[in-house]
Amino acid sequence: MSKWQRKIWALVIACVLTVAIVLSVVGLGKLTQPTVYLTALQTAAQDAGTINLDCHYSENNHTLAVKQVTTYRNHTNRSLSAVKFYLYANAYQKDARYPAVAKNEISRAYPNDFDAGYVKVTTPHTILGETDNTVVTVPLTKALSPEQSVDITLEYTIKLPNVKHRLGYTKNTVNLGNFYAIPVVYDNDWDIYPYSSNGDPFYNEAYNFDVTFHAPAGYIVAASGEQVGDNHYRGYLLRDFAIVLSRDFNVISRAVGDTMVNYYYLNDPIPEISLYTASNALAYFSGQFIDYPYSTLAVVQTDFLHGGMEYGALVYISLDVTDQLQYQTVIVHEIAHQWWYGLVGNNQNATAWIDEGLAEYSTAAFFEDHPQYGKTLTATAEDNLNTIKMFENIMDEYKVPYTRQMLLGLLGYKSSSEYTVNTYARGMLLFYNITTMVGHKNLNHALGKFAAAHCFQFGDSYTLISTLEAELGHDLINYINNYLAGKETPML
Ligand SMILES: [Zn+2]
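Note that this is a predicted model, so its numbers are computed, not measured.

Here we look at the sheet that holds strand E4 (residues 118–121)
Here 7 strands make up an open sheet; going across it, the order is E4-E7-E2-E1-E11-E14-E13 and the pairing mixed. Strands with a single pairing partner mark the edges of an open sheet, and in this sheet they are E4 and strand E13 (226–229). Between one strand axis and the next, the sheet turns by 25° as a mean value, whatever way the strands run. Two elements, strand E1 (residues 50–58) and strand E2 (residues 63–73), share 9 bridges in a ladder whose sense is antiparallel. Across the sheet, Cys 55 pairs through a bridge with Val 66, a residue of E2.

Next comes the structure, spelled out in structure tokens:
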């Protein structure tokens, strides 16, 4: 290198250093900082749609004003000219054909007589209709090709009913379950189902959520997602996003691995035990099936007509459950749904036996492996068999026809007892009988494989049966199909 070349190089290096110093001072140096690594959940979430909600709750008139922006991805193989969403608040309107609450439960559900709930959509060019106006259709200005995304804005105001239900308020709590506009699943067409007072009439894809929630001062907010700022919550790949409000919540928490379990309660004589049960259930199912992927789990005691209700990373436990063992059982059952309904979705309208049968079986397996509760797997199976026998004896006595079919769909069952017997009791026994062949640990392991294969997606009867056959090395298809068709008398 000549003297001149050395001088030129020295000049170049000096210039580069000067530019680097200037850039770092003015902030552009940030570009060279290492990238923030995404968690496994955030990485998996990148392909999912996103729902942004900006919510304002008014206590005086019990209304919730929502501005929703959905980043909708067309996962179908055809071009779409419109997108449909459920707005379930209209299932609470007066004279609904498919009401949220069955006629014979109105007095128990409504503390102050029937009170209507409904929703008003203010976004122009949208069409509210179908099954009690629970579906809003949003025409797209430009056809949406497969795998393309579009941002859809919807503004609406929900009048909450005064009811102990998924969506409603009481003097104790405000339940906001299934409140926002939920994208309808598209298989060969839009899968529209009417609401049903039997079971959980839902079939949801997993979405990412970014939620701003404004409540009047003094409210404690339990939400599906993690709190990331003032009034700001975020969740990834959740099957639903639910919120419960109360001025009176006590909150205790316990860490389980990377998850914080938060127990919101109003009246529990043994809150530490309830939190312990919830934490143990989360740890047990994570160990037996697949890891719970979310950073929080909210267990929320609230006014609710039934024992409990499952949402993404949040469960309702009813204030009406006063028996201590039953209360702990509801906690475990609802947490089991985080795997069966939550991580592995299913069409709960058509195959409730999957999520309820598996939640009941998983709960019984939890108790089998936690003898301190004094409830063995076999004892739970016997209880279920007795429930079925009692139901059938009473129906026979009064000469009322009934079904043993497990695949009728929610509206195919004539009463809540007929639905419960066929999905919960018969569902649990279906899985229990498999444990008598292979043992519950092996069944749990096979269910873990099923969960891993369909996590954040959907499972169905076929994929469940074929996974169990492959993992357990037993020919189960005839046994299960006969059982689902009601042709096999439950045995122990
Ligand atoms: Zn359940």
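Structural notes on unusual backbone geometry
Positive phi, close to 60°, is recorded for Asp 95, a residue that is not glycine. By secondary structure assignment, the location of Asp 95 is in the loop between strand E3 (80–86) and helix H3 (106–109).

Comments concerning helix H4 (residues 271–288)
For H4, with 18 residues, the first-to-last C-alpha span of 25 Å sits near the 26 Å given by 1.5 Å per residue. Those residues of H4 not exposed but buried are Ser 274, Leu 275, Thr 277, Ala 278, Ser 279, Asn 280, Ala 281, Leu 282, Phe 285 and Gln 288. Elements in contact with the buried residues of H4: strand E16 (250–256), strand E17 (259–265), strand E18 (296–302), helix H5 (324–336), helix H6 (352–368) and helix H9 (440–454).

A closer look at the confidence of the model for the protein chain
Here the protein chain averages 93 in pLDDT, and 92% of its residues register 70 or above. The low-confidence segment residues 19–32, where pLDDT is below 50, has 3 contacts with residues more than four positions distant or belonging to other chains.

A closer look at the packing of H9 against helix H10 (residues 461–472)
At a minimum axis separation of 9 Å, H9 and H10 run at an interaxial angle of 130°. Relative to H10, H9 is oriented oblique. Where H9 crosses over H10, the two elements pack in a sense that is right-handed. Taken together, the residues of H10 that come into contact with H9 (itself represented by Asn 442, His 445, Ala 446, Lys 449, Phe 450, Ala 453 and His 454) are Thr 463, Leu 464, Thr 467, Leu 468, Glu 471 and Leu 472.

Re helix H8 (residues 416–438)
Along its 23 residues, H8 runs 32 Å from first to last C-alpha, staying within 8% of the 33 Å computed at 1.5 Å per residue. The largest bend along H8 measures about 30° and falls at Arg 426. Burial analysis of H8 places 17 of its 23 residues in the buried class, the great majority of the element.

Details of the pairing of strand E11 (residues 207–214)
Relative to E11, E1 runs parallel, the two being bridged by 7 bridges. Bridging from a neighbouring strand, Asn 52 pairs with Asp 210 of E11.

Observations concerning the domain arrangement of the protein chain
Per the domain assignment, the segments of the protein chain are domain 1 (42–243), domain 2 (249–338) and domain 3 (362–484). If you look at the interface, domain 2 gives 13 residues, while domain 3 gives 12 residues. Contributions of two or more residues to the side of domain 2 that touches domain 3 are made by H4 and H5. No other element matches the 6 residues that H5 contributes to the side of domain 2 that touches domain 3. Each residue belonging to the side of domain 2 that touches domain 3 can be placed in one class, and the counts come to 8 nonpolar, 5 polar and no charged.

With respect to the environment of Asn 188
Examined against the element boundaries, Asn 188 turns out to sit in the loop between strand E10 (182–183) and E11. The exposure class of Asn 188 is exposed, given the 7 C-beta atoms found within 10 Å. Placed 179 residues apart in sequence, Asn 188 and Phe 367 show a C-alpha to C-alpha distance of 41 Å.

As for the environment of Lys 84
By the element assignment, Lys 84 lies in strand E3. Residue classification places Lys 84 among the buried positions, given that 21 C-beta atoms sit within 10 Å. Along the chain, Lys 84 and Ala 381 lie 297 residues apart, while their C-alpha atoms are 41 Å from each other. If we ignore the near neighbours within four places in the chain, the residues touching Lys 84 are Val 135, Thr 137, Val 184 and Trp 190.

Analysis parameters
- Residues numbered from 1 in each chain as written.
- Predicted model: local features only at pLDDT ≥ 70, side-chain atom pairs only at ≥ 80, totals over all residues.
- Pairing = 2+ DSSP bridges.
- Helix = DSSP H or I, 4+ residues; strand = E, 2+ residues; numbered from the N terminus.
- Axes fitted to C-alpha atoms, helices over the stretch in contact; angles between N-to-C directions.
- Expected span 1.5 Å × (residues − 1).
- Buried ≥ 20, exposed ≤ 12 C-beta atoms within 10 Å, placed from the backbone.
- Contact = placed C-beta atoms within 7 Å.
- pLDDT = per-residue confidence, 0-100.
- Parallel < 35°, antiparallel > 145°, perpendicular 65-115°, else oblique.
- Left-handed = near helix turned anticlockwise from the far one by under 90°.
- Bend = angle between axes of the 7 residues up to and from the residue.
- Domains from an automatic or database assignment.
- Nonpolar A, V, L, I, M, F, W, Y, C, P; charged D, E, K, R; others polar.

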